[in-house]
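Residue-level listing of the chains:
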Amino acid sequence: MISYALLLGFCVFRPVVLQLLYKDEEDVRMNQCPFKEVILPAHVTNLQKHKWNLMLVTWKYGGVTMYSFNGESGAHKNNGTRFGLQNLKNEDIQSGDVSLHFLERPPNGGYTCETTELSTEGSKTVEMAYKEEQLFKASSGIIAILTLLAVVNTFEVIFFVKCLHLKCRSVFCAYFFVGIGIVLIIAGLNMFQTGNSWNLLQKAGLVVAVCLPLLFFLISDVLFGCKIKDHRFRMGWFCCCVSQIVSWIIAIVGAIMCMQDCPPNPTSEIVLIVGLLLHTIIEIADICCCSYCCWLKHKEDCSVTMANATSNSNKEMSGK
């Protein structure tokens, strides 16, 4: 009888260990642009004491502690400052709001919150992900134009070397600058297509793929122009170089405008594409101009050769 009474007393008066419960909230899905503060929600709904100095809060990412708060010592340990992670406020903690606030882009994945009040504890995992979206609407057009520009300049340097009969040193310089431009286009496009966040790497890729190659292609054209002796072709070359400088400036302005906005403004993309397209058209026009002048020169040389041959033949006939 006594044992039954003791068992009943233990069941009635035994200490009840509660589990901290969290408000049911959706996982976080963020737009890539425009970037806003990232908040990982975590609200404890059944705190008993509501005193921050009786609580422990820990946030983990990938099993590694990103943030922790010790109420007994009042110490905050923040390992996410590179993502702009903000310390929790004491008044928020004691009210049950232990949400994390990021001012910079945190990485995708699951973030686990562990909260303890005295001997009562609970945990919650929040999944954070960015929405998959194509921020740069004209990326395919830019890639196509840059690819065409690389092909045109490759053909141009081969054609000019044969047409102008350049010497070894000039040939090396021409191939060198065009080759550097093509390598920069390939490297820049690889950087440009690294993801959808329109981050610093992608912006650098746009600069490398657009601004620098056009400059190297322009330098190679200037080297060609220095070897031109025919005044008719020289005038056409000069007009093409001036036009290339204008188109290069337009492309740079478009690239700068694209880098300033997130997502890039459609007007900025149009300006960039217009600059690249103009540069490509001018390169093709330069090749056509060179072809025409070479054809004229060849025709004149043939006429002079025929005239000399006729003159020689007449002289031989008169000598006989």
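Values in this document were obtained by computation on a predicted structure and should not be read as measured data.

### Side note on the overall build of the protein
And then number 1: In terms of regular secondary structure, the protein is built from seven helices and eight strands.
And then number 2: For the protein, long-range pairs separated by at least 24 residues make up 66% of all intrachain contacts whose partners lie at least 6 apart in sequence.
And then number 3: Accessible area for the protein stands at about 18400 Å²; split by element, carbon and sulfur atoms hold 63% of it.

### Thoughts on a nonpolar patch on the surface
And then number 1: Together, Met235, Phe238, Val242 and Val246 give the surface a local cluster of nonpolar side chains, amounting to about 370 Å² of exposed area.
And then number 2: On the secondary structure map, Val242 appears in helix α6 (residues 231-260).
And then number 3: According to the relative accessible area criterion, Val242 is partly exposed, its value standing at 38%.

### So, the environment of Ile284
And then number 1: With respect to the element layout, Ile284 can be found in helix α7 (residues 266-319).
And then number 2: Here the alpha-carbon distance between Ile284 and Asn153, two residues 131 residues apart in the chain, equals 8.7 Å.

### Observations regarding the pattern of salt bridges
And then number 1: Within the structure shown, the criterion is met by two salt bridges.
And then number 2: For the salt bridge of Lys60 with Glu114, the shortest nitrogen-to-oxygen distance reads 3.9 Å. With a gap of 54 residues between them, Lys60 in strand β3 (residues 55-61) and Glu114 in strand β7 (residues 109-117) connect regions that are remote in the sequence.
And then number 3: For Lys60, a relative accessible area of 27% puts it in the partly exposed group.
And then number 4: According to the relative accessible area criterion, Glu114 is partly exposed, its value standing at 32%.

### Some thoughts on the environment of Leu20
And then number 1: Among the secondary structure elements, Leu20 is positioned in the loop between α1 (2-13) and β1 (28-30).
And then number 2: Using a relative accessible area of 3% as the deciding quantity, one classes Leu20 as buried.
And then number 3: Spatially, the C-alpha atom of Leu20 lies 6.4 Å from that of Thr120, the residues being 100 residues apart in sequence.
And then number 4: Those residues in contact with Leu20 that lie beyond four places of it in its chain are Val44, Asn46, Leu47, Thr115, Thr116, Glu117, Thr120, Glu121 and Gly122.

### Examining the packing of aromatic side chains
And then number 1: Inspection of the entire model under this criterion finds five aromatic pairs.
And then number 2: In this structure an aromatic cluster arises from ring pairing among Tyr61, Phe102 and Tyr111.

### Overview of the sheet that holds β1
And then number 1: Pairing within the open sheet is mixed, and its six strands lie in the order β1-β8-β7-β3-β4-β5. Edge positions in the sheet fall to β1 and β5 (75-78), since each has one partner strand and no second. Neighbour-to-neighbour, the strand axes of this sheet turn through a mean angle of 15°, independent of strand direction.
And then number 2: Bridge count for strand β4 (residues 64-70) against β5 is four bridges, and the pairing is antiparallel. Within β5, the residue paired with Phe69 across the bridge is His76.

### Looking at the environment of Leu215
And then number 1: As for its placement among the helices and strands, Leu215 is situated in helix α5 (residues 200-226).
And then number 2: The spacing of Leu215 and Val178 is 37 residues in sequence and 9.9 Å in space, taken between C-alpha atoms.

### A few points about the confidence of the model for the protein
And then number 1: With 78% of its residues at a pLDDT of 70 or more, the protein has an overall mean of 80.
And then number 2: Across the protein, the element-wise mean pLDDT spans from 44 in α1 up to 95 in β3.
And then number 3: Contacts for the low-pLDDT stretch residues 3-17, under 50 throughout, to residues beyond four places or in other chains number one contact.

### A word on the pairing of β4
And then number 1: Summarising the sheet, β3 and β4 pair through six bridges and their orientation is antiparallel. Along β4, the bridge assignment pairs Tyr61 with Val64.
And then number 2: Turn length for the β3-β4 hairpin, with the two strands adjacent in sequence and antiparallel, is two residues, and the turn residue Gly62 shows positive phi of about 65°.
And then number 3: Counted between consecutive antiparallel strands, the loop separating β4 from β5 contains four residues, among which Gly74 sits at a positive phi close to 70°.

### Section: the pairing of strand β8 (residues 120-130)
And then number 1: Where burial is concerned, the two faces of β8 differ: the one with Thr120, Gly122, Lys124, Val126, Met128 and Tyr130 is buried and the one with Glu121, Ser123, Thr125, Glu127 and Ala129 is not.
And then number 2: The pairing of β1 with β8 spans three bridges and is parallel. Residue pairing for β8: Val28 is matched across the bridge by Met128.
And then number 3: Direction of pairing for β7 relative to β8: antiparallel, over a ladder of nine bridges. The residue bridging Glu117 from the neighbouring strand is Thr120, located in β8.
And then number 4: Hairpin connection between β7 and β8: a loop of two residues separates the two successive antiparallel strands, and Leu118 in this loop has a positive phi of roughly 55°.

### Comments concerning unusual backbone geometry
And then number 1: Positive phi, normally seen in glycine, also occurs at His50, with a value near 55°.
And then number 2: For His50, the position within the fold is in the loop between β2 (38-40) and β3.
And then number 3: Look at His50 and you get partly exposed, because its relative accessible area is 41%.

Procedures and definitions
Residues numbered from 1 in each chain as written. Predicted model: local features only at pLDDT ≥ 70, side-chain atom pairs only at ≥ 80, totals over all residues. Heavy atoms only, no water. Helix = DSSP H or I, 4+ residues; strand = E, 2+ residues; numbered from the N terminus. Contact = heavy atoms within 4.5 Å. Areas by Shrake-Rupley, 256 points an atom, 1.4 Å probe, with all protein chains shown as cover. Patch = residues over 30% accessible without salt bridge, like charges linked within 9 Å, V, L, I, M, F, W, Y side chains within 5 Å. Salt bridge = Lys/Arg side-chain N within 4 Å of Asp/Glu carboxyl O. Buried < 20%, exposed > 50% of the residue type's maximum accessible area, 1.4 Å probe, protein only. Phe/Tyr/Trp six-rings, centres within 6.5 Å; stacked < 30°, edge-to-face > 60°. Pairing = 2+ DSSP bridges. Axes fitted to C-alpha atoms, helices over the stretch in contact; angles between N-to-C directions. pLDDT = per-residue confidence, 0-100.

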